[in-house]
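# Analysis of the macromolecular model
For reference, the chains in residue letters:
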Amino acid sequence: MTRAGEDGPAAHRIARLTELLHDELRAIFRDDVSDPALAGLEIPAVVLSVDYRHLRVHCTLPPGAPARREVARRLERAKPFVRARLADAVDMKRTPDLDFVIDVV
């Protein structure tokens, strides 16, 4: 029996799934999202909850990007589209809810 936070099959599965979701999100924002305010948006990290229900997506804005509040509004507007594309790309029982966090660089 392993304790929370220790290495084990569950921790390995979360790490692999997090990496897969991260790669797919980067591809979706690079190839499919056409909003000019989100052009150049980078996703340096994602954090998947232990129950796979929530995915916190950390985003950084490129120089010259619109105001942070405007980008947050547009991310919320794009969320259903991005989540649907993610569901098509990754075979999961339930696609996690996306929570965007705009990091200041």
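Scroll up for the structure.
The rules we used
Residues numbered from 1 in each chain as written. Predicted model: local features only at pLDDT ≥ 70, side-chain atom pairs only at ≥ 80, totals over all residues. Heavy atoms only, no water. Pairing = 2+ DSSP bridges. Helix = DSSP H or I, 4+ residues; strand = E, 2+ residues; numbered from the N terminus. Axes fitted to C-alpha atoms, helices over the stretch in contact; angles between N-to-C directions. Contact = heavy atoms within 4.5 Å. Expected span 1.5 Å × (residues − 1). Buried < 20%, exposed > 50% of the residue type's maximum accessible area, 1.4 Å probe, protein only.

## Here we look at the sheet that holds strand β3 (residues 97-103)
Taking strand neighbours across the sheet as the criterion, the three strands line up as β1-β2-β3 in an open arrangement whose pairing is mixed. In the strand order of this sheet, the two ends are held by β1 (42-48) and β3, each with one partner. Between one strand axis and the next, the sheet turns through 25° on average, direction left out of account. For β1 and strand β2 (residues 54-60), the ladder comprises five bridges, and the chain directions are antiparallel. The residue of β2 that forms the bridge with V46 is V57. Docked against the sheet, helix α1 (residues 9-31) engages β1, β2 and β3, running at close to 145° with respect to β1.

## With respect to α1
Spanning 23 residues, α1 covers 33 Å between terminal C-alpha atoms, matching the ideal 33 Å at 1.5 Å per step. Of the residues making up α1, those classed as buried are I14, L17, T18, L21, H22, L25, A27, I28 and F29. Where α1 is buried, its residues contact β1, β2, α2 (68-89) and β3.

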